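# Fold and contact review
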Amino acid sequence: MPHYVDFNGLQVGDSLPSLTKDPITKVQLVRYAGASGDFNPLHTDDSVAQKSGLKVVIAQGILIMGFMAQAISGWVKKSDLKRFKVRFMGMTYPGDVITVKAVIKEKQEGEKGLFVLCDTLAEDQNGETKVSGQFEIMQPI
Amino acid sequence: MADVSKVGLGLPPYVFVVERVKIREFAEAIGDKNPVFLSKEGALAEGYLDIPCPPTFITLAFQEFTGAYLKAFEALGVSLTNVLHGEEEYEYLGEIHAGDQLTCHLNFESIVEKKTKTGPMDLITLRTLFTNQEGKEVLRSRSLIIERK
């Protein structure tokens, strides 16, 4: 059973434990293409990527969003997640090591439960943000 | 460039079935070992009725299996070679489980022209409402697609 974050002991400005993924591989991009149905060859075929001016294939942005979702559903029970939005900032390549981070932006207790809003981002091994976003949770008290 | 006369219209409602094996395949492709996504036993142990959808799984409802993105781009006259995905947002209204049959209402919400240093672009917002087989609204999504002109 996952060990979820206990927000009672955390305040606005506190960070959640970051998640560092294994390096992205070309095989992972092919598997994700098949799993998601995103068969854009920019993600799977180097020769197509090179025709578009890239050196090699690039990762699907939604795969990186999926890494962030993996972190979130490790931090909180998935059914408590109410909203998740991201902006795709930069391209990610095979070999990149993505770390997902989050900081508490708002925390309020109300009739419906505990509401928490977090800023989140996915950055590579050089600290460059690839995807940034926010998520909201509502936990029953 | 995107056809602004289509704003407010959308695709005819279409159906997307949440296949059990695809959830596992999707979680494994991401490298997400959360047991709730990998087996029904793991999901039941966490209090779910069945395997829940991972938070970004709904992307399948737009891709090859339904062709919804391609149909939307075709309807809007958007060239595939010039598009980038700018933003993605999901609002979770209810749980989606393996075996659910979702009806998808994809709407062309807005097309806004923006001038940038690298040239003009259209910002195309697609909104989709997903209802399950019981008629319950379970998810709303928003995709911002950028078309370079």
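Anything mentioned here points back to the structure above.
## With respect to the overall build of chain B
Check the secondary structure of chain B and you find four helices and five strands. From first element to last, N terminus to C terminus, chain B shows the α and β order β-α-α-α-α-β-β-β-β. The buried share of chain B, reckoned over its 149 residues, is 35%.

## Focus: the interface of chain A and chain B
Contact residues are listed per partner, giving 33 residues for chain A and 29 residues for chain B. When contributions to the side of chain A that touches chain B are tallied by element, the ones reaching two or more residues are helix H1 (26-36), helix H3 (61-75) and strand S2 (81-88) of chain A. Take the side of chain A that touches chain B: its biggest share by element is 11 residues, from H3(A). Taken together, the residues that form the side of chain A that touches chain B break down as 15 nonpolar, nine polar and nine charged. With five bridges joining them, S2(A) and strand S2 (residues 83-92) of chain B adopt antiparallel strand pairing. Within S2(B), the residue paired with A:Phe84 across the bridge is B:Tyr90.

## Quick look at the pairing of strand S5 (residues 137-148) of chain B
All names here are of chain B. Note that S2 and S5 share nine bridges and pair antiparallel. Looking at the pairing, His85 lines up with Ile145 of S5. Bridge count between strand S4 (residues 119-131) and S5: 11 bridges; the pairing is antiparallel. Residue pairing in the sheet places Thr131 in a bridge with Glu137 of S5. The loop that links S4 with its antiparallel partner S5 comprises five residues; one of these, Gly135, has a positive phi angle of about 85 degrees.

## Section: the nonpolar core
Formed by 69 residues in total, the largest nonpolar core has its most connected members in A:Ile64, A:Phe67, A:Met68, A:Ile72, B:Ile23 and B:Ile58. If you tally residues by element for this core, the top one is H3(A), at 10 residues. Residues contacting A:Ile72, with those up to four places away along its chain left out, are A:Leu81, A:Phe84, A:Phe135 and B:Pro55.

Criteria and thresholds
The residue count restarts for each chain, going from 1 along the sequence in the order it is written. Chain letters and ligand numbers both follow the written order, the letters beginning at A and the numbers at 1. Reporting in this predicted model follows two pLDDT cut-offs: at least 70 for local features of residues, and 80 or more for side-chain atom pairs to be given and counted; totals over whole chains, interfaces and linings ignore these cut-offs and use all residues. To qualify as a helix, a DSSP run of H or I must reach at least 4 residues; to qualify as a strand, a run of E must reach at least 2; elements of each kind are numbered from the N terminus. Put simply, a residue is buried when 20 or more other C-beta atoms lie within 10 Å of its own C-beta and exposed when 12 or fewer do; between those, it is partly exposed, and each C-beta is set from the backbone. A pair of residues counts as a contact when their C-beta atoms, built from backbone coordinates, are separated by no more than 7 Å. Only Asp, Glu, Lys and Arg are considered charged in this grouping, and only Ala, Val, Leu, Ile, Met, Phe, Trp, Tyr, Cys and Pro are considered nonpolar; every other residue, Gly among them, is considered polar. The criterion for strand pairing is that DSSP finds at least two bridges linking the strands in question. Throughout this description, the term nonpolar core refers to a group of buried Ala, Val, Leu, Ile, Met, Phe, Trp, Tyr and Cys residues whose C-beta atoms join them within 7 Å.

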